[in-house]
Amino acid sequence: MSAEPSVSPSRVGVWLIGARGSVATTAVAGCAAVTAGLHPPTGMVTETGAFHEAGLPSLPSLVFGGHDVVDCPLPKRAESLAAGGVLPHDLPSAVAAELAAADREIRIGGPLPGDTRTEDELIEALAQDIRDFAHRGGLARTVVVNVSSTEPVPEGDTLPASSLYAAAALRAGCPYVNFTPSAGLHHPRLAPAAASSGLPYAGRDGKTGQTLLRSVLGPMFAQRALAVRAWSGTNLLGGGDGAALADPAAAAAKNAGKERALADTLGSVPEGETHIDDVPSLGDWKTAWDHIAFDGFLGTRMVLQTTWQGCDSSLAAPLILDLARLVARAHELGVSGPLAELGFYFKDPVGEGPAALGEQYAHLIGFAERLRGLALPPGPGVAVADHATPDGMAPQGAPQGTSGEPR
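This section reports on the structure supplied with the text. Remember, predicted model here, so these are calculated numbers, not experimental data.

Considering the sheet that holds strand 10 (residues 301-311)
Across the sheet, four strands lie side by side as 8-7-9-10; this open sheet has mixed pairing. The outermost strands of the open sheet, each flanked by one partner alone, are strand 8 (274-278) and strand 10. The average angle at which neighbouring strand axes cross in this sheet is 10°, direction not considered. As judged from the eleven bridges shared by strand 9 (residues 285-295) and strand 10, these two strands associate in the antiparallel manner. Directly across from Lys-286, in strand 10, lies its bridge partner Gly-310. Contacts from helix 8 (residues 210-223) reach strand 7 (227-237), strand 8, strand 9 and strand 10, with the element oriented near 170° to strand 7.

So, the packing of aromatic side chains
In this description, an aromatic ring pair is defined by two values, namely the gap between the centres and the angle between the planes. Counting across every chain of the model gives six aromatic pairs. Considering the side-chain rings of Trp-15 and Phe-133, the 4.9 Å spacing of their centres and the 55° angle between planes classify their relative orientation as tilted. Within this pair, whereas Trp-15 is found in strand 1 (residues 8-17), its partner Phe-133 is found in helix 5 (residues 119-137), the two being separated by 118 residues in sequence. You'll find Trp-15 and Phe-133 in the same group, each marked buried.

As for the side chain of Gln-360
With respect to the helices, strands and loops of the structure, Gln-360 is situated in helix 12 (residues 357-374). Separated by 2.5 Å, the side chains of Gln-360 and Lys-207 make a polar contact.

With respect to the environment of Glu-332
Within the element layout of this structure, Glu-332 appears in helix 11 (residues 312-332). Taking the C-alpha atoms as reference, Glu-332 lies 8.7 Å from Ala-140; in sequence the two are 192 residues apart.

Quick notes on a nonpolar patch on the surface
Together, Val-69, Val-70, Ile-108 and Leu-112 make up a nonpolar patch on the protein surface, roughly 320 Å² of accessible area in all. Topologically, Ile-108 is positioned in strand 3 (residues 106-108). For Ile-108, a relative accessible area of 47% translates into the label partly exposed.

Focus on the packing of helix 11 against helix 12
Relative to each other, helix 11 and helix 12 sit at 40°, their axes nearing to 11 Å. For the pair helix 11 and helix 12, the crossing hand works out as left-handed. Two secondary-structure elements touch here, helix 11 through Leu-326, Arg-329 and Ala-330 and helix 12 through Leu-364, Phe-367 and Leu-371. Its residues placed into classes, the contact of helix 11 with helix 12 shows five nonpolar, no polar and one charged.

As for helix 2 (residues 74-83)
Of the residues making up helix 2, those classed as buried are Leu-74, Ala-78, Leu-81 and Ala-82. Take helix 2 and look down its axis: the buried residues cluster within an arc of 100°, on one side only. Buried residues belonging to helix 2 abut helix 1 (22-35), helix 3 (91-94), helix 4 (96-103) and strand 3. Two residues or fewer after helix 2 comes Gly-85, characterised by a positive phi angle close to 85°.

Looking at helix 8
Over its 14 residues, helix 8 extends 20 Å from the first C-alpha to the last, a length consistent with the 20 Å expected when each residue adds 1.5 Å. Burial in helix 8 covers these residues: Gln-210, Thr-211, Arg-214, Ser-215, Leu-217, Gly-218, Pro-219 and Phe-221. After helix 8 finishes, the residue Ala-225 shows a positive phi value of roughly 55°.

Some points on the pattern of salt bridges
The full count for this structure, using the stated rule, is 17 salt bridges. Here Lys-347 makes a salt bridge to Asp-205, at a shortest N to O gap of 3.4 Å. Of this pair, Lys-347 sits in the loop between strand 11 (337-338) and helix 12 while Asp-205 sits in the loop between strand 6 (200-203) and helix 8; the two residues are 142 residues apart in sequence, bridging distant segments of the chain. We note that Lys-347, like Asp-205, is buried. Here Lys-286 and Asp-312 are joined by a salt bridge, their closest N and O atoms 2.8 Å apart. Placement of the pair is Lys-286 in strand 9 and Asp-312 in helix 11, with a sequence separation of 26 residues. By relative accessible area, Asp-312 is classed as buried at 16%. Each of Asp-120, Glu-124, Arg-131 and Arg-171 takes part in a single network of salt bridges with overlapping partners.

What counts, and where the lines are drawn
- Residues numbered from 1 in each chain as written.
- Predicted model: local features only at pLDDT ≥ 70, side-chain atom pairs only at ≥ 80, totals over all residues.
- Heavy atoms only, no water.
- Pairing = 2+ DSSP bridges.
- Helix = DSSP H or I, 4+ residues; strand = E, 2+ residues; numbered from the N terminus.
- Axes fitted to C-alpha atoms, helices over the stretch in contact; angles between N-to-C directions.
- Contact = heavy atoms within 4.5 Å.
- Phe/Tyr/Trp six-rings, centres within 6.5 Å; stacked < 30°, edge-to-face > 60°.
- Buried < 20%, exposed > 50% of the residue type's maximum accessible area, 1.4 Å probe, protein only.
- Polar contact = N/O pair within 3.5 Å; in protein donor to acceptor, adjacent residues only side chain to side chain.
- Patch = residues over 30% accessible without salt bridge, like charges linked within 9 Å, V, L, I, M, F, W, Y side chains within 5 Å.
- Areas by Shrake-Rupley, 256 points an atom, 1.4 Å probe, with all protein chains shown as cover.
- Salt bridge = Lys/Arg side-chain N within 4 Å of Asp/Glu carboxyl O.
- Left-handed = near helix turned anticlockwise from the far one by under 90°.
- Nonpolar A, V, L, I, M, F, W, Y, C, P; charged D, E, K, R; others polar.
- Arc of directions from axis to C-beta.
- Expected span 1.5 Å × (residues − 1).

See the structure below:
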């Protein structure tokens, strides 16, 4: 009989929902490339000086796995991304071993067509996959990150797939990050479980392009007392996101976060709409146009137009690594509940916090300082969370040392 794997306090799991997609593949390949010194950590805020003493898990300590419903292996997916210019052409071969190792830890998700399992059976099966991953790797904890395609806004009481995965994360005792506009933990049925879980969570909908720019420009107009009359936008994108967002219901979920950014920074939603067009030939590349009509002194009418062209996977992947490290460290130190200080990364962040990027960045730096403070020996005024287990979502049969233990 083989020996039980020992738990390493330095090894942290990153369980990706949508693990064979472009964003996940770029994150895994990018982590390996930076770890090997092949590329600098461009775009990773956690690699800047403000975070050096926050005790974040190192990039080499991250272990990847996940769920997906497609069967294209990560090495093959990376080759496709390299052919499209998303990854450097020689990177898939340079990090082939790391991609293959992550691919071996990917399990089929669900629900699949014809699946007759109940919601609870699905949640338990997904949670067990996460527990097994943590147990095999001897991981101190595992962060579940949703990077799958956008879902339509759910109707009725049935849990959509994103919420089944979120419930599985809670049941496995894992902190959770929703990088998509999908419901995830936002579903009303999961609110009590999330609140009582004693786990940290963050989201939702990663802010990588057009909305990132809006969160800078919106405050500029407000602070200079310039009246914005209309703000219209268009997004052209391909790949999996483009196909998913061709569904008007899914596009509506995406646009809700974009509108919130304007409403929160301007104080109201100006005239105009944002359109999302699927252009398959663009692949992972996207173009976003904004047309902003505003009034100056004495009602003088003016216009600002912007064009943002970028690769969505390359913009998102470093943020996934940032979030996994930050949330893992928060979990290690006993922080629980919605991590509003991570609003810097999201269009529609959980918890209360500012919408302007500059203010969000200040809150993020404050969070790094908070993590440093919690790592100091306990003293007056220093307390950590009491970890409860969510009603109906408690880990079932999780071995000692798997994700969420010790906490």
